[in-house]
Amino acid sequence: MGVMGLGGTAKKLQKVTDMAEDVYTRMNDLRDQVVQMRETTQETSDRVERLERETAEMRAILEALAENEDINVASVTADAHIIEAEASDGDSTPTSSDGDEE
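Residues numbered from 1 in each chain as written. Predicted model: local features only at pLDDT ≥ 70, side-chain atom pairs only at ≥ 80, totals over all residues. Heavy atoms only, no water.

**Looking at the overall build of the protein chain**
- Within the protein chain one finds 3 helices and 0 strands.
- For the protein chain, the N- to C-terminal ordering of α and β elements is α-α-α.
- Going through the 102 residues of the protein chain one by one, you find that 1% of them count as buried.
- If you sum the accessible surface of the protein chain, you get close to 9,600 Å²; carbon and sulfur atoms cover 57% of it. (Helix = DSSP H or I, 4+ residues; strand = E, 2+ residues; numbered from the N terminus. Buried < 20%, exposed > 50% of the residue type's maximum accessible area, 1.4 Å probe, protein only. Areas by Shrake-Rupley, 256 points an atom, 1.4 Å probe, with all protein chains shown as cover.)

**Looking at the pattern of salt bridges**
- All chains considered together, the criterion is met by 4 salt bridges.
- Taking the shortest distance from any N to any O, the salt bridge between D32 and R31 comes out at 3.7 Å.
- Relative accessible area serves as the criterion here: at 49%, R31 is assigned to the partly exposed category. (Salt bridge = Lys/Arg side-chain N within 4 Å of Asp/Glu carboxyl O.)

**A short note on a nonpolar patch on the surface**
- Together, I61, L62 and L65 line one region of the surface with nonpolar side chains, adding up to about 320 Å² of accessible area.
- Structurally, the position occupied by L62 is in helix α1 (residues 3-68). (Patch = residues over 30% accessible without salt bridge, like charges linked within 9 Å, V, L, I, M, F, W, Y side chains within 5 Å.)

**Observations regarding a negative patch on the surface**
- A contiguous patch of negative charge, built from E39, E43, D46, E49 and E52, is present on the exposed surface.
- With respect to the secondary-structure elements, D46 resides in helix α1. (Lys, Arg positive; Asp, Glu negative; His and termini not counted. Charge placed at Lys NZ, Arg CZ, Asp CG, Glu CD.)

**Focus on the confidence of the model for the protein chain**
- Taken over all residues, the pLDDT of the protein chain has a mean of 87, while the share at 70 or more is 84%.
- The secondary structure element of the protein chain with the lowest average pLDDT is helix α3 (residues 98-101), at 48, and the one with the highest is α1, at 94. (pLDDT = per-residue confidence, 0-100.)

**Side note on unusual backbone geometry**
- Its identity as a non-glycine residue notwithstanding, D70 has a phi of 55°, on the positive side.
- Looking at the secondary structure, you find D70 in the loop between α1 and α2 (73-92).

This is the structure:
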């Protein structure tokens, strides 16, 4: 084996080195993406917890106000659920003629 054999080996080694550097770069990019995703997930989780707390506080205030005004909260929420269910049924059948028969 002469100088040509060593030149071919050097080219192969350079090719392997280039591939390894490419894989390393891609792994670093992927790691950065995972870190960003974890941060985003944590931020979203924190935001959801804050919104749940605020919702619970607002519900407590509304229930206290309703009680003060003798409003039956269970009845009001049940009516709201019925209206919501009827509205979503109407959305799934836009060609119905319910309005004509009333």
